[in-house]
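Each chain, written out:
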Amino acid sequence: MSRPRIVIVGAGFAGYRTARTLSRLARGRADITLLNPTDYFLYLPLLPQVAAGILEPRRVTVSLSGTLRQVRLVLGEADRIDLDARTVHYTGPEGDGGSLSYDRLVLAAGSVNKLLPVPGVAEHAHGFRGLPEALYLRDHVTRQVELAAAADDPAECAARCTFVVVGAGYTGTEVAAHGQLFSDAQVHKHPLRTGMRPRWLLLDIAERVLPELDERLSRTAGRVLRERGVDVRMGTSVKEATREGVLLTDGEFVGTRTLVWCVGVRPDPLAESLGLPMERGRLLVDPQLRVPGRPEVFACGDAAAVPDLEEPGRYTPMTAQHAWRQGKVCAHNVAASLGDGEPRPYRHSDLGFVVDLGGVKAAANPLGVHLSGPVAGAVTRGYHLAAMPGNRVRVAADWLLDAVLPRQAVQLGLVRSWSVPLDTASPELARVPSGPGRGKSGGEATERASGSRPGGEPGKRRSGPRPPAGPHPAPGPVKRTDSPTGPDGPAGPDHPADPVEGDS
C-alpha cells in the first residue's frame, strides 16, 4: 500500500508551521511535499530592520530543507490546481513546468500587496512584502541621502530627502520608525544643506496610527514617531503619484522620490482561481480548515477565510498570529483525515501584540499588560527571538553589533527599481529581464531603460541587455517568506513561540 501524498502550497507562517508539524506527526508514514518559490521561510516582522541596515538579509530567513525533516522541497510557483485530477501544476525557477499529485492538499499561498485605484501608484510606488523590496528600500534610501548631499538645488535636495509611507498599520509604522533613524544616521556621514534633515511622512485615512490595535498602543506609537520627527498625518492619503512627488488628498503636493506602499495585503490570486466559494478573495473553509465539498483540500493563513469562533459571523484577520496557529491546527486535521487522531476546530485568544519602533523604543501589550519605552523594546526583541524558528544567535549578534558599531550605509545595487514592481503576485521574488513564473496581475509597474523612475535608479542608455520595456515576464529567483504571535506551547526547535504581530 502506497503512502498518502500531502502537498503544501506556500511556506509562509501557515505553510511552514503545517509542514513542520505534519513531519512530526506523520513519522515517515506520508510523503509530504512543500511547494514554494524560495528555499527559505521569511520572518516578516523583522523585515523593517533589514531595510534599516540593522539585520543582514539572511538573518530573517530560515532554510526549509535544513529545518523541515522528512519534507520534500520543490522550488516553484503554483500556476493552476486541478481539483478533480488532484494535481498542482507549477513553474520552476528556471522556467521548467511540473506537476504534483496529491491525496491531501494544503493551500497556504499567503498574500500580496493590496492595490487601490490611485493614479500613478502602480508605476511609482514599491511595496514591502518580501526580501527583495526590503533590500531595494535600503539601497534606495542610502542613494537618495547621498544624492541629496551632493545636490546644489535646494528643491532637489528636499525632494530626495523626503520619504512617504502610506499605511499606518504594523508594516508602515515600523518602516517609518526605523527609516527615520536610518536616514538620520546617514546624514551624519553625508551632511545636507544647512537647516535640512531627512523628512518621513506617514499617511493613513484612519484616525490614528495602528487603528486595528488597542488605543494605548496606538497613542504610544504615535507619540514616539512624532517625537522622532516623523510627520504623522491621519485622515490623509495619496490622491495621485507622479514622477516628481505625490498629491495628497488634502490638496498638498509633496516633492519626493520615494513612495512606500503599506496599505495592507490581499490574498494570493491563486485562491480565487480555484472557482470555489470566496469571502473577499479568501477561500471559505469550515472551522476545521477544510474546504466544503472538497474533503481532501485544506486552507489556512491569508488564503483562507476561517470562521472566528470567538466572534460568530466574522472571520479571523489576516495576521501572522492567526496564520502560525492555523498551521498547527491544519497539520493535526490533515493527519486526522488520514486516520491519525481527531479533527479539531480552530480557536484562538489574543496573547497581545508588539510593535518595534526602532532603537530601544517599542509598544507592547503581552497578555493585556501595556508596556512602552525600553521595557517594551526588551519584551519585543525577546518575543521575536522566541518566535523565530531559527537564526536566534545570529539575530542577537547583529543587534549587539548594531548597538556598539555604526551601520554600514552602502549601496549594493543587487535589486533594481524595475525588479520589484508594486503590482505583482510574487513579492517574494525579484524580477529579471526574462524569466519563468506564474502570470501576474495586469498593470504591473514598468521601467524603460532610457528613462527614470521616481523612487528608482536613473535609467541608463547603454548597449547590451536591458530590462524589457513592457510588463516584465515572471520573476526569477531572489529570496523571501512571511510573518509572527505569542506562545501556545513551549518555545523551542519544534515549538517556537507564536508570532504576535505583523501581516502574515
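Since the structure is predicted, the reported quantities are computational estimates derived from the model, not experimental observations.

About the cut-offs
Residues numbered from 1 in each chain as written. Predicted model: local features only at pLDDT ≥ 70, side-chain atom pairs only at ≥ 80, totals over all residues. Heavy atoms only, no water. Helix = DSSP H or I, 4+ residues; strand = E, 2+ residues; numbered from the N terminus. Contact = heavy atoms within 4.5 Å. Areas by Shrake-Rupley, 256 points an atom, 1.4 Å probe, with all protein chains shown as cover. Patch = residues over 30% accessible without salt bridge, like charges linked within 9 Å, V, L, I, M, F, W, Y side chains within 5 Å. Salt bridge = Lys/Arg side-chain N within 4 Å of Asp/Glu carboxyl O. pLDDT = per-residue confidence, 0-100. Phe/Tyr/Trp six-rings, centres within 6.5 Å; stacked < 30°, edge-to-face > 60°. Buried < 20%, exposed > 50% of the residue type's maximum accessible area, 1.4 Å probe, protein only. Pairing = 2+ DSSP bridges. Expected span 1.5 Å × (residues − 1). Arc of directions from axis to C-beta. Axes fitted to C-alpha atoms, helices over the stretch in contact; angles between N-to-C directions. Left-handed = near helix turned anticlockwise from the far one by under 90°. Nonpolar A, V, L, I, M, F, W, Y, C, P; charged D, E, K, R; others polar. Core = buried A, V, L, I, M, F, W, Y, C linked by side-chain atoms within 4.5 Å. Domains from an automatic or database assignment.

1. Some words on the overall build of the protein chain
Each helix and strand in the protein chain was counted, giving 12 helices and 26 strands. Considering only intrachain contacts with a sequence separation of at least 6, the fraction spanning at least 24 residues in the protein chain is 70%. Accessible surface, the protein chain: about 19700 Å² in total, of which carbon and sulfur atoms supply 53%.

2. Details of a nonpolar patch on the surface
On the surface, L400, L401, V404 and L405 cluster together to form a nonpolar patch covering roughly 400 Å² of accessible area. Along the chain, the position of L401 falls in helix α12 (residues 392–404).

3. As for the confidence of the model for the protein chain
Per-residue confidence for the protein chain gives a mean pLDDT of 86; residues scoring 70 or more make up 86%. Scored below 50 in pLDDT, residues 435–496 shows 218 contacts in the model against residues more than four places distant or in partner chains. Every residue in residues 500–504 scores below 50 in pLDDT, and together they form 39 contacts with partners more than four places removed in sequence or on other chains.

4. Things to note about the packing of aromatic side chains
All told, the structure shown has 8 aromatic pairs when counted by the stated rule. On the numbers, 4.9 Å between centres and 75° between planes, the contact of F13 with F41 is edge-to-face. With F13 in helix α1 (residues 13–26) and F41 in strand β3 (residues 40–42), the pair connects residues that are 28 residues apart, well separated along the chain. Seen from their ring centres, F163 and W200 are 4.7 Å apart, and the 25° between their planes marks the pair as stacked. Placement of F163 in strand β11 (residues 162–166) and of W200 in strand β12 (residues 199–204) is noted, with a sequence separation of 37 residues between them. Comparing F163 with W200, the two get one shared label, buried. An aromatic cluster of at least three residues, connected via ring pairs, comprises F13, Y16, F41, Y43 and W324.

5. Brief notes about the pairing of strand β6 (residues 77–82)
Where β6 meets strand β7 (residues 87–91), 5 bridges bridge the pair, whose relative direction is antiparallel. Within the sheet, the bridge partner assigned to R80 lies in β7 and is H89. The turn linking β6 back onto β7 is made up of 4 residues, and R86 within it adopts a positive phi angle of 55°.

6. What to know about helix α11 (residues 373–387)
Relative to the 21 Å expected for 15 residues at 1.5 Å per residue, α11 spans 21 Å between its end C-alpha atoms, a close match to the ideal helical length. Residues G373, A376, G377, T380, Y383, H384 and A387 constitute the buried set of α11. Burial along α11 is one-sided: seen end-on, the buried residues are contained in an arc of 130°. For α11, exposure combined with an orientation more than 90 degrees from the buried face picks out P374, V375 and A378. On its buried side, α11 packs onto β24 (354–356), β25 (362–364), β26 (371–372) and α12.

7. Considerations on the packing of α1 against helix α10 (residues 320–337)
Between α1 and α10, the shortest axis-to-axis distance is 7 Å and the interhelical angle comes to 35°. When the axes of α1 and α10 are compared, the crossing they make is right-handed. Residues F13, A14, Y16, R17, T18, T21, L22 and L25 of α1 pack against A320, A323, W324, R325, G327, K328, C330, A331, H332, V334 and A335 of α10. Classifying every residue of the contact of α1 with α10 gives 12 nonpolar, 4 polar and 3 charged.

8. Observations concerning the nonpolar core
With 121 residues, the main nonpolar core has L47, I81, V88 and L107 as its most contacted residues. Composition of this core by domain shows at least three residues from each of domain 1 (5–37 + 76–113 + 266–337) and domain 2 (121–263 + 352–419). Aside from chain neighbours lying at most four places away, what touches L107 is V9, I81, L270, A271, L274, L283, F298, A299, C300 and A303. V166, L201, L248 and L422 belong to the second-largest nonpolar core, a separate cluster that totals 15 residues.

9. Description of the sheet that holds β26
The strand order across the open sheet formed by 3 strands is β24-β25-β26, and the pairing between neighbours is antiparallel. The open sheet is flanked by β24 and β26, the only strands paired with a single partner. Looking at chain direction, β24 and β25 are connected through 3 bridges and run antiparallel. Bridge pairing in β25 places D356 opposite A362. Contacting β25 and β26, helix α8 (residues 215–228) runs over the sheet at an angle of about 180° to β25.

10. Digging into the sheet that holds strand β13 (residues 231–234)
If you walk across this open sheet you meet the 4 strands as β13-β12-β11-β17, and the pairing is parallel. The strands lining the two open edges of the sheet, one partner per strand, are β13 and β17 (258–261). Strand-to-strand twist in this sheet, taken as the mean axis angle between neighbours without regard to direction, amounts to 15°. Strand direction decides the pairing type here: β11 and β17, joined by 4 bridges, are parallel. Within β17, the position partnered with F163 by the bridge is T258. Across the face of the sheet, helix α5 (residues 131–150) comes into contact with β11, β12 and β17 while running at roughly 155° to β17.

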